[in-house]
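Understanding the architecture of this molecule
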Protein chains: 4
Amino acid sequence: MSYDGLKQEVFRVNRAIVDAGLVVLTWGNASGVDRKQGVMAIKPSGVSYESMSADDIVILSLETGEILEGKLNPSSDTPTHLVIYRAFSEVGGIVHTHSTHATSWAQSGLELPCLGTTHADHFHGTVPLARLLTDDELDSYEHNTGEVVVECFRGRGLDPSSVPAVLLPHHGPFAWGPDPEHALQNAIALEQVAQMAMLTYSINPSAPDIPSNLLEKHFSRKHGESAYYGQREPSNG
Amino acid sequence: MSYDGLKQEVFRVNRAIVDAGLVVLTWGNASGVDRKQGVMAIKPSGVSYESMSADDIVILSLETGEILEGKLNPSSDTPTHLVIYRAFSEVGGIVHTHSTHATSWAQSGLELPCLGTTHADHFHGTVPLARLLTDDELDSYEHNTGEVVVECFRGRGLDPSSVPAVLLPHHGPFAWGPDPEHALQNAIALEQVAQMAMLTYSINPSAPDIPSNLLEKHFSRKHGESAYYGQREPSNG
Amino acid sequence: MSYDGLKQEVFRVNRAIVDAGLVVLTWGNASGVDRKQGVMAIKPSGVSYESMSADDIVILSLETGEILEGKLNPSSDTPTHLVIYRAFSEVGGIVHTHSTHATSWAQSGLELPCLGTTHADHFHGTVPLARLLTDDELDSYEHNTGEVVVECFRGRGLDPSSVPAVLLPHHGPFAWGPDPEHALQNAIALEQVAQMAMLTYSINPSAPDIPSNLLEKHFSRKHGESAYYGQREPSNG
Amino acid sequence: MSYDGLKQEVFRVNRAIVDAGLVVLTWGNASGVDRKQGVMAIKPSGVSYESMSADDIVILSLETGEILEGKLNPSSDTPTHLVIYRAFSEVGGIVHTHSTHATSWAQSGLELPCLGTTHADHFHGTVPLARLLTDDELDSYEHNTGEVVVECFRGRGLDPSSVPAVLLPHHGPFAWGPDPEHALQNAIALEQVAQMAMLTYSINPSAPDIPSNLLEKHFSRKHGESAYYGQREPSNG
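Let me begin by describing the structure that accompanies this report. (Residues numbered from 1 in each chain as written. Chains lettered and ligands numbered in written order. Predicted model: local features only at pLDDT ≥ 70, side-chain atom pairs only at ≥ 80, totals over all residues. Heavy atoms only, no water.)

Moving on to the overall build of chain A. Looking only at helices and strands, chain A has seven helices and seven strands in total. Along chain A, helices and strands appear, N-terminal first, in the series α-β-β-β-β-α-β-α-α-α-β-β-α-α. Taken against the 2.2 N^0.38 rule, which gives 18 Å for 237 residues, the C-alpha radius of gyration of chain A at 18 Å falls within 12% of a compact globule. For chain A, the C-alpha atoms occupy an extent of roughly 50 × 50 × 35 Å along the three principal directions. Out of the 237 residues in chain A, the part that is buried amounts to 62%. (Helix = DSSP H or I, 4+ residues; strand = E, 2+ residues; numbered from the N terminus. Rg over C-alpha atoms; globule rule 2.2 N^0.38 Å. Buried < 20%, exposed > 50% of the residue type's maximum accessible area, 1.4 Å probe, protein only.)

So this is what it looks like as C-alpha cells:
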C-alpha cells in the first residue's frame, strides 16, 4: 500500500490553486481521498506553497482523523474536509480558498444566483450559503463548519454532485468534485461566476436569473446520461 | 488539397484567446473557413488548451457539417458557427468566449452601447443582444443559437462587417471577422469596451453615448474607402 | 545629425506602455522631440508592438509635419502630437493610450478629481476634460484634437508642467512630460489614480477632494524649488 | 558590527512588495530595525526597484535619524518610520505602499471594517483611519504623519500587534509586523481584504460586520497562547 500517487495529485492541485490566482499567502488548501485505502491526503498547515513538496502532504485516516504519514501538522481545516468526505461519498477531492470574488459573496451574506450558462455548466442552480455557527459550535469550529455544510445540503435536498460548492458566511468557499482535479476546476469556475455575477448586477441591478429551461439544457450538456460535451461520446454534433 | 494552413491558423487563434485572458478552463473556441474548399476548421470539444495541437483541429464540410478530417469531436458549439458562416458570406473567422465583462453584459440583459472611440474603432454602434430561444428551439440548441444571431442582424438591418459581434442573453459573446485573426482582435476589443462601459457607468450612471459624428469619424478612419489608419495607403498624414 | 538616440528612446517607451498594461492591441502611441534638431519621433500607425523595431519609428519635422526619416506611415494621431509640442515648449514627450480606467473617466464626461497624495505627487489638482469638437472641426480631427487640448489649458490658465495630462471626451487620455520617460510615468500614474478615484467613489460616493494644504505639500515635495523627494539634494531628511 | 543581514532582508522585502503588485512606479518603501544595534534600514528615495541593490539600503540611527551607512538619500518617509519604531517597541518591520484598494479606502475617508475571517486572521477588528494633519503639523509632514499614527492607536487603546496597519486619509496604508517579512504579509493581507470589503459592499451595501465570536475565534487560531494554525505546536488537529 502506497500513498504516493494520491500525495502527488494533492500536491499538484495545491500548487494549481495558487497558479490559478485563487490563493494569496497561505489562504487555501486542497485534499483528496482514496476510499479503498480509507485515507485522506491534505496540505500541511501554514506552509508556503513555494517551499512545499509532495512529501509534505499529510495522510490521515478518513475514519479516525489519525495521521498515518507525514511529519507536519495537517491544515487546520482538516476536520472540515473529513466531515464532508464522510457525509458525501461521491466527493473525491475538496478545494478551500479565500478567492477574491467568491469570498466577497460569502461576506455579503447572500447566495450566489445562477445568471448564465457559465454557472449552469458547473453548478445546477444557486450556490448556497451555509448558516453561521452558534457560540457552542465554535468550540469545535472546523468540525462544525463541515457539519453546517452537510446540514445545508441535506436540509434543502441539494445533491452535492450537482452543486459542487458552498459559501460559508463571513468566511469563503469550499468546492469539491469526484477527484482533486475536478474540485480545482469547480473552484476556478466558482470564482469566475462569482465575479461575473457581481459585475452583472453592477451593470443591471435587476438582472434576471437564467431561465430554467436554459439552465437544464446547459447542465445536461455536460452532466448526466445525455451529456454530449467533450470527448466522451464521439459524434458529428 | 490540404487543410494544414487553415488548421495552423485556427490552432494559433485558439491559443491566442487564452493568452489574451479571454478564456478560463475550456470555455471558448475559435474557427475559420476556407470558402474555396468549402470547409470549416474548429477546436475539438472540451480539450485543454495546453495539450491541444494543430492536428487536433477538426475539419468539417461547411455545407453538410460532416467531419472530413480529425479524430476528436468538434466543439459542441459547431452548429452555431456553421449557421453564422452560411448566412454571412463576409465572415471568415469566429471566436466564442465567456470573457468576463462581455459575458457580464450578456447576463445583464442589456445591449452594449457605444460610449467612445475605442468601441467605434471596431464596432459601428451598439453591439446587439440576440433574443432568448423558445422551449422548442432549445431542442436544437446550438443550431438555433446561430439562427437567432442571423435573425437579430437581419431583423435590425445590421451589417455583420460593421458590427462584428453579438451578445447572447445569459450566455456570452460571439465575435467574428474576415479571418480568424481579425475575429480574435474583435473579441479582444469587445471584452475591453465591455469593461470600460461598465466602469464608465460606475463613474457616471448617466454617461452619454458617443455623438454620432464622432462615431462616424472614428469608424471611417479604420474602415471603408476613406480609411487612413494603419499602413494601407502611405501618406504624410 | 542623427536621430538614432531619439528613435531608440521613443521605441523603448512605446514598448513600455504595453509592458505597463496601458495598451490593448495597437491602441496607443508615444512620441518624443528633439527641439534642437526641430524633429518629432513617433510610432508608425497600426503596427503591432511585437513586430516593431526602433528603425520603424518615424521622424517628422516639428514645424511642417513632413516625414524626414522612416518608411511607414506615422501614427494617425501625429497631428495631435504636433500641435501640443508646438504650443507647449516645456513638453518633450507625449504618451497617448486607451488605458482602461483613464478612458472610462474620459467616457464618463467628468473630470478626474484629486482625491489623494498619489494624484498630487504627479498632477497639481484636477485632470481636465477637453471639450468635444464641433462638426466643422471633425474635418481636421487629429489636428483639432490638439487644438482643444491647448484651448483647455490656456482657457483655464493651467500649466502643462504642473498638470501633465488631459482627458478627451468619449476618447481617452494624453499624458506628457519633459521627455518620453516622464510622459510614460505620468501615463502610468494617470491610469492608477483614475482607477483609485473610481474605487474611492464606489466605497464612498461623497468622498472629499484632497485638502488644498496637503495637495500643495505633496506636489511641492516632488516638484519646484523646494523639492526634497528622490536623489536631487543629498540630505539627512 | 555589520548591517549586512538587515540590509539584505530589507532589500528583499522592498523587491517583494513590487512582486506582490502593491507598488506602481516608486510608490512604496519597506524598512526594518535591529534594536540591539539601534539602527533602522530603509529604501533610498525615488530609486527604481529594478536598479536598486542591497548596497543601496540606507542605515540610520534609530535614536537620532543620522545616516550611518549608505550613499543615497533615505526614503522621504523616513521620519514616519522612525516615529512608529520609537513608539511601538514590538514593531520590527514597516511597509508603506499606495496599493490600489487600501489607498482607495484611505481616500474614501472611511475605516476598513472587518467583514470576514480573512481580515480577522491578520487584523483584530477594524483597521483605523488616522486623522488629518493640521496646517502647522504639515511643516514637519513626515514626522507628524508618524505622530498621528501613534496618537490614533494610543487614543483608542489599540494594540499595534493585534491591528498591524493603519490608513492615512487622502494618502494610503502603513502596515507593520515583528519583522519586515511579517510587515510584508500584513501589507498583502490589507490590500486583499480592502478589495474584498469594497466588493462585498458592492454586492450588498448593508453587509454585516463579522460576528464578534467568529472574529475572536479566527484571530486566536493564529495569534496568542492558544494558537494552533501552522507548524508551531505539532498536533493531530
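Glancing now at helix H7 (residues 212-222) of chain C. Within H7 of chain C, the full set of buried residues consists of Leu-214, Leu-215, Lys-217, His-218, Phe-219, Arg-221 and Lys-222 of chain C. In the core, the buried residues of H7 of chain C are packed alongside helix H4 (117-120) of chain C together with helix H5 (141-156) of chain D. Count one or two residues on from H7 of chain C and you reach Gly-224 of chain C, which has phi positive near 85 degrees. (Contact = heavy atoms within 4.5 Å.)

Contact with chain D, which involves 38 residues of that partner, is made by 37 residues of chain A. Overall, the association of chain D and chain A removes approximately 3,100 Å² of surface from exposure, summing both partners, and the carbon and sulfur fraction of that is 55%. Of all residues in chain D, Ile-203, Tyr-229 and Gln-231 of chain D bury the most surface against chain A, accounting for 19% of the area lost on that side. Across the chain D-chain A interface, the total number found is two salt bridges. Arg-221 of chain D is paired through a salt bridge with Asp-77 of chain A; the nearest N and O atoms lie 3.5 Å apart. Along the contact surface separating chain D from chain A lie twelve residue pairs in polar contact (both at pLDDT 80 or more). Residues belonging to the side of chain D that touches chain A are distributed by class as follows: 15 nonpolar, 17 polar and six charged. (Buried area = accessible area lost by both parts, 1.4 Å probe. Salt bridge = Lys/Arg side-chain N within 4 Å of Asp/Glu carboxyl O. Polar contact = N/O pair within 3.5 Å; in protein donor to acceptor, adjacent residues only side chain to side chain. Nonpolar A, V, L, I, M, F, W, Y, C, P; charged D, E, K, R; others polar.)

The next subject is the pattern of salt bridges. Tallied over the entire structure, the rule returns 28 salt bridges over all chains. The salt bridge involving Glu-142 of chain B is made with Arg-221 of chain A; its shortest N-O contact spans 2.6 Å. A residue pair is termed interchain when its members come from two chains, as with Glu-142 of chain B in helix H5 (residues 141-156) and Arg-221 of chain A in helix H7 (residues 212-222). Take Glu-142 of chain B and Arg-221 of chain A: they sit in the same class, and that class is buried.

On to the relation of the copies chain C and chain D. For the pair chain C and chain D, the best superposition has an RMSD of 0.0 Å and corresponds to a rotation of 90 degrees with a translation of 0.0 Å parallel to the axis. Here the two chains are linked by the operation of a four-fold rotation axis. Within chain C, the C-alpha atom positioned nearest to the axis of rotation is that of Ser-202 of chain C, 5.4 Å from it. (Least-squares fit on C-alpha atoms with pLDDT ≥ 70 in both.)

With that out of the way, let us pick up the state of the cysteines. This structure, assessed with the given rule, holds zero disulfides over all chains. Cys-114 of chain B carries a free sulfur, and the closest cysteine sulfur to it, the one in Cys-152 of chain B, is 16 Å from it. (Disulfide = S-S within 2.5 Å.)

The description of two aromatic rings rests on the distance between their centres and on the angle between their planes. The tally for this structure, following the rule as stated, stands at 16 aromatic pairs over all chains. Between Phe-88 of chain B and Trp-176 of chain B the ring centres are 6.0 Å apart and the planes differ by 50 degrees, which places this aromatic pair in the tilted class. Of this pair, Phe-88 of chain B sits in the loop between helix H2 (78-87) and strand E5 (93-97) while Trp-176 of chain B sits in strand E7 (residues 172-177), and the two are 88 residues apart along the sequence. These aromatic residues form a ring-pair network of at least three members: Phe-88, Phe-153 and Trp-176 of chain A. Between the NZ or CZ atom of Lys-43 of chain A and the centre of the ring of Tyr-49 of chain A, over which it lies, the distance is 4.7 Å. (Phe/Tyr/Trp six-rings, centres within 6.5 Å; stacked < 30°, edge-to-face > 60°. Lys NZ or Arg CZ within 6 Å of the ring centre and 35° of its normal.)

On to the arrangement of the chains, then. At the level of C-alpha atoms, the two units chain A and chain C stay apart, their nearest approach being 11 Å. Kept free of each other, chain B and chain D leave a smallest C-alpha distance of 11 Å between them.

For the rest of this paragraph, the subject is unusual backbone geometry. For His-170 of chain B, which is not glycine, the phi torsion reads 60 degrees and is therefore positive. Among the secondary structure elements, His-170 of chain B is positioned in the loop between strand E6 (165-168) and E7.

This next bit is on the sheet that holds strand E5 (residues 93-97) of chain D. Residues and elements named next belong to chain D. The strand order across the open sheet built from seven strands is E4-E3-E2-E1-E5-E7-E6, with neighbouring strands paired in antiparallel fashion. Whereas interior strands pair on both sides, the edge strands pair on one side only; in this sheet they are strand E4 (67-69) and strand E6 (165-168). When the angles between neighbouring strand axes are averaged without regard to direction, this sheet yields 25 degrees. Examined bridge by bridge, E5 and strand E7 (residues 172-177) share four bridges and lie antiparallel to one another. Bridge assignment links Ile-94 to a residue of E7, and that residue is Trp-176. (Pairing = 2+ DSSP bridges. Axes fitted to C-alpha atoms, helices over the stretch in contact; angles between N-to-C directions.)

Treat this as a map of the structure, not an account of what it does.
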